[in-house]
Amino acid sequence: MTQYFIRRLLLIVPTFIGITILVFVITRFVPGGPIERMIAEAQQASMQSGGMTQSSGNGIGAATLDQDQIKQLEEYYGFDKPVLVSYWDWLVKVVHFDLGVSTRYSDPVWDTIKERLPISAFYGILTMLITYFISIPLGYMKAVRHNSHFDHVSSIVVFIGYAIPSYVVGIILLVVFASNLEWFPMGGFYGDEFEDMDSKLEQVADVFYHAALPLLAYVAGSFAVMTFMMKNSLMDNLAADYVRTAIAKGIPFKKAITRHAMRNSLIPIATHFGNNISVIIGGSFLIEKIFNIDGLGLLGYESIVERDYPIVLGVLVISAILQLFGNILSDICVAAVDPRVQFR
Amino acid sequence: MSEVLLKVKHLATEFDTEQGIARALDDISFEVKAGETLGIVGESGCGKSVTSLSIMRLLPKPAGNIVNGEVNFKGQDLVNLPADDMHNIRGNRIAMIFQEPMTALNPVYRISRQLNETLALHNPGMSKDDIQQASIDMLKRVGIPAPERRMKEYPHQLSGGMRQRVMIAIALLCNPEILIADEPTTALDVTIQAQILKLLKDLQKETGMSIIFITHDLGVIAEVCDRVLVMYGGRIIEQADIFTLFDKPSHPYTRGLLNAIPRLEKPAKETLSTIPGMVPSLFDFPPGCRFQNRCEYVQTRCEQETPDLEMHGNDTHQVRCFRFKELVNL
């Protein structure tokens, strides 16, 4: 088993290189890049300022960056070298925990990500916890009371939540509870008075006050899959021979479920567990946009639009590593609940 | 005459299915005496397993329901017993083993837990060490080598025969008065089957328990049973002690079954005799005798009236057929 996991850990290296090289190459071939964007920005700036300072007379010449400047920029960001060479340079830097500098903010990528990471993780972890806390008991109750009114009504609710895209849920929540009823704030991670609050408790309360609506939007769509996975897997196990054996031993039905069927039903849920890790961090840029939350999802999306490749790659590095470790974590979870699983 | 432990009277069980209500058991009556082995034989779907599940009240809920009759276990009617009292009987005074040893044990728990659990449940005062020791002793009794090591293993680490032995050990932990064995050897190969049958017989001799042995295999019946019920279409169609049944089968169905067994003394390569046709589904049984459409002796009466289970010859032999008396000479 240990051997298996060591092998899995070692496999992370080539997989990681594969993922990043692919994205790196793609960034080279998509039209437009950080340099072009800078040139365009410089053009815009000079046209505006040019309009006002026409008398100074250096008009068109200053409108674009000159060749030297462009060359300097290309050199700085590594665009002057062949793809693989600059990929290698980038990779060496990554290994030294240097993700480069954002072309947009001129800040180190890692600092930008570090700023956003806790926000996304906060929402991601809470969403996951809430989802598990709702899905497992709900799935359990639905399985035990299969075909009852409770089962039907909860199915309808779950499917409505699943069918409506989370950003629509977000907008509805925003309109109803923030705009019309004014029960919750319109957005942001915390309020304007956050820094002035006296106690930690007040600050925590403020964060949750702001988090209520976005969390609801995240959770609404997320527990359908898990709930039904739990319900179906428990139903399968309730019909299993070993549950009948347990009852034939004299164990009351309810205890036969909690002691015997539950653990077997959690196996598919455990398989799923590791995959959540990357979702946690990823966040949804739409929900972040709607609620004005500066999370990683929004950062990733904006940096793609703005061709801020160091950030794009930086976010990719973080999420790829999390996903790869998440897969191994899934395997460990499965091995923990199912003794039949033997990794070799 | 030994004491009657279990008296099943006019038991009827129905399943509520999407195609309508299926009567899986109809007017089942029989007795189990202390220390005897009663065989229940019949083909798939004849109701033999449903009979055992009805006695144990293990019918799949909410579809399966006992709609009539009683199951009298030493004066208590199990059909109407409160759930809590039923829990005390199951696994303690009436135990059961199943057909599929591969799936009947919980795959995620060690053997020790699955054994100890039963003892702890029915003997609340017993200490952990005593329970562990009793479980190990029981594994030894059912012929499992190195029981201490087996206790620490998971079901998937044991062979089919070993698992069935573990199932038997679990069933016998609390010294039940009746053991219901629902096709315990069907999933095992023939040599293991013989071992398990011998084990059950030996354990019965030791403990004096009664066994209800359910199978579709008349060879197995001949080996272990004292008395036999033959079921067809949810009804008992013949009931006799083992020698009478094999010497003088009286219902056309039983005769057909016995004729279908290939015999060593008959010439080889002769076409095997069979019972023509198929068992109708539970929804399509004709009124009257349920065997009529496959019976070579069918008469108009068989299509209109249901024959009763009638006494035949000695007091243990009963047959559900209008013509059994004439058939004896055919």
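Residues numbered from 1 in each chain as written. Chains lettered and ligands numbered in written order. Predicted model: local features only at pLDDT ≥ 70, side-chain atom pairs only at ≥ 80, totals over all residues. Heavy atoms only, no water.

J.: Explain the overall build of chain A here, please?
T.: Of the regular secondary structure elements, chain A holds 14 helices and zero strands. Ordered by position from the N terminus, the helices and strands of chain A form the series α-α-α-α-α-α-α-α-α-α-α-α-α-α. Relative to its length of 344 residues, chain A is extended, with a C-alpha radius of gyration of 26 Å against a globular reference of 20 Å. Taking the principal axes of its C-alpha atoms as reference, chain A extends roughly 95 × 55 × 40 Å. Going through the 344 residues of chain A one by one, you find that 43% of them count as buried. Within chain A, contacts between residues separated by at least 24 positions form 76% of all contacts whose residues are at least 6 apart in sequence. Split by element, the accessible area of chain A, about 18500 Å² in all, is 66% carbon and sulfur. (Helix = DSSP H or I, 4+ residues; strand = E, 2+ residues; numbered from the N terminus. Rg over C-alpha atoms; globule rule 2.2 N^0.38 Å. Buried < 20%, exposed > 50% of the residue type's maximum accessible area, 1.4 Å probe, protein only. Contact = heavy atoms within 4.5 Å. Areas by Shrake-Rupley, 256 points an atom, 1.4 Å probe, with all protein chains shown as cover.)

J.: Help me understand the interface of chain A and chain B, please; the structure alone is not making it clear to me.
T.: How big an interface is tends to be stated in terms of accessible area lost as the parts join. At the junction of the two partners, chain A supplies 20 residues and chain B supplies 26 residues. For the pair chain A and chain B, the two sides together bury roughly 2100 Å², of which 60% comes from carbon and sulfur. Counting the contacts that link chain A with chain B gives two salt bridges. Taken together, the connections running from chain A to chain B amount to 11 residue pairs in polar contact (both at pLDDT 80 or more). For the side of chain A that touches chain B, the secondary-structure elements that each account for two or more residues are helix 9 (241-248) and helix 10 (253-273) of chain A. (Buried area = accessible area lost by both parts, 1.4 Å probe. Salt bridge = Lys/Arg side-chain N within 4 Å of Asp/Glu carboxyl O. Polar contact = N/O pair within 3.5 Å; in protein donor to acceptor, adjacent residues only side chain to side chain.)

J.: It is not clear to me how the environment of Ser233(A) should be interpreted in this structure. Could you clarify?
T.: Residues and elements named next belong to chain A. Position of serine 233 among the secondary structure elements: in helix 8 (residues 200-238). Of the residues examined, serine 233 reaches a relative accessible area of 9% and is grouped as buried. With 198 residues separating them in the primary sequence, serine 233 and isoleucine 35 have C-alpha atoms 53 Å apart. Beyond its immediate sequence surroundings of up to four residues, serine 233 is in contact with Ser265 and Pro268.

J.: Looking at this structure, how should I read unusual backbone geometry?
T.: Excluding glycine, a negative phi dihedral is what most residues carry, and trans is how most peptide bonds are arranged. All names here are of chain B. Phi at aspartate 27 takes a positive value of approximately 55°, unusual for a residue other than glycine. Looking at the element boundaries, aspartate 27 is found in strand 2 (residues 20-33). With relative accessibility at 32%, the residue aspartate 27 sits in the partly exposed group. The residue glutamate 183 is not glycine, and still its phi comes out positive at about 50°.

J.: It is not clear to me how the domain arrangement of chain A should be interpreted in this structure. Could you clarify?
T.: Residues and elements named next belong to chain A. Domain boundaries in chain A define domain 1 (32-98) and domain 2 (109-337). Measuring from the centre of the C-alpha atoms in domain 1 to the corresponding centre in domain 2 gives 41 Å. Each side of the interface is counted separately: domain 1 has seven residues, and domain 2 has five residues. For the pair domain 1 and domain 2, the two sides together bury roughly 560 Å², of which 70% comes from carbon and sulfur. On the domain 1 side of the interface with domain 2, the three residues burying the most area are Pro34, Arg37 and Trp90, jointly 59% of the side's total. Our count for the contact surface shared by domain 1 and domain 2 stands at zero salt bridges. Between domain 1 and domain 2 we count zero residue pairs in polar contact (both at pLDDT 80 or more) in total. For the side of domain 1 that touches domain 2, the secondary structure elements donating two or more residues are helix 2 (34-52) and helix 4 (83-95). (Domains from an automatic or database assignment.)

J.: When you look at the packing of aromatic side chains in this model, what are you seeing that I'm missing?
T.: How two aromatic rings sit relative to each other is given by the distance of their centres and the angle of their planes. Throughout the structure, instances matching the rule amount to 12 aromatic pairs over all chains. Here the aromatic cluster, defined as three or more aromatic residues joined through ring pairs, consists of Phe122(A), Tyr123(A), Phe208(A) and Tyr218(A). A cation over an aromatic ring shows up here: Arg145(A) above the ring of Phe150(A), its NZ or CZ 5.1 Å from the ring centre. Above the plane of the ring of Phe322(B) lies Arg301(B), whose end atom (NZ or CZ) is 3.9 Å from the centre. (Phe/Tyr/Trp six-rings, centres within 6.5 Å; stacked < 30°, edge-to-face > 60°. Lys NZ or Arg CZ within 6 Å of the ring centre and 35° of its normal.)

J.: Hey, could you run me through helix 4 (residues 111-122) of chain B in this one?
T.: An α-helix turns once per 3.6 residues; consequently, residues spaced three or four apart project the same way. Within helix 4 of chain B, nine of the 12 residues are buried, which leaves the element mostly enclosed by the surrounding structure. Here helix 4 of chain B has its buried residues at Ile111(B), Ser112(B), Gln114(B), Leu115(B), Asn116(B), Glu117(B), Thr118(B), Leu119(B) and His122(B). Packed against the buried residues of helix 4 of chain B are helix 10 of chain A together with helix 2 (83-89), helix 5 (128-141), helix 6 (147-151) and helix 7 (160-172) of chain B.

J.: Sorry if this is basic, but what is going on with the pairing of strand 6 (residues 94-97) of chain B here?
T.: The side chains of a regular strand alternate between the sheet's two faces. All names here are of chain B. Burial along strand 6 is two-sided: Ile94 and Met96 facing one way and Ala95 and Ile97 facing the other are all buried. Taken together, the four bridges between strand 6 and strand 7 (residues 178-182) define a ladder with parallel strand orientation. Residue pairing across strands places isoleucine 97 opposite alanine 181, the latter belonging to strand 7. (Pairing = 2+ DSSP bridges.)

J.: Would you explain the environment of Gly297(A) in this entry?
T.: As for its position among the elements, Gly297(A) is in helix 13 (residues 296-305). The spatial distance from the C-alpha of Gly297(A) to the C-alpha of Ala261(A) is 38 Å, given a sequence separation of 36 residues.

J.: Any chance you could explain a negative patch on the surface here in plain terms?
T.: Where like charges cluster on the molecular surface, the negative patch consists of Asp192(A), Glu193(A), Glu195(A), Asp196(A), Asp198(A) and Glu202(A). Classification of Glu195(A) as exposed rests on a relative accessible area of 59%. (Patch = residues over 30% accessible without salt bridge, like charges linked within 9 Å, V, L, I, M, F, W, Y side chains within 5 Å. Lys, Arg positive; Asp, Glu negative; His and termini not counted. Charge placed at Lys NZ, Arg CZ, Asp CG, Glu CD.)

J.: What am I meant to see in helix 9 of chain A here?
T.: Counting buried residues in helix 9 of chain A gives six out of eight residues, a clear majority hidden from the surface. Listed in full, the buried residues belonging to helix 9 of chain A are Tyr242(A), Val243(A), Thr245(A), Ala246(A), Ile247(A) and Ala248(A). Against the buried residues of helix 9 of chain A lie helix 8 and helix 10 of chain A together with helix 1 (48-56), strand 6, helix 3 (101-104) and helix 7 of chain B. Phi turns positive one or two residues past the end of helix 9 of chain A, at Gly250(A), with a value near 110°.

J.: I'm lost on the sheet that holds strand 4 (residues 64-73) of chain B in this one. Help?
T.: Hydrogen bonding along the main chain pairs the strands of a sheet, whether they run parallel or antiparallel. Residues and elements named next belong to chain B. Judged by pairing direction, the sheet is antiparallel, and its four strands sit side by side in the order 2-1-4-5 without closing on themselves. Each edge of the open sheet is held by one strand with a lone partner, namely strand 2 and strand 5 (76-77). With two bridges connecting them, strand 4 and strand 5 associate as antiparallel partners. Residue asparagine 72 lies in a different strand from strand 5, and its bridge partner there is aspartate 77.

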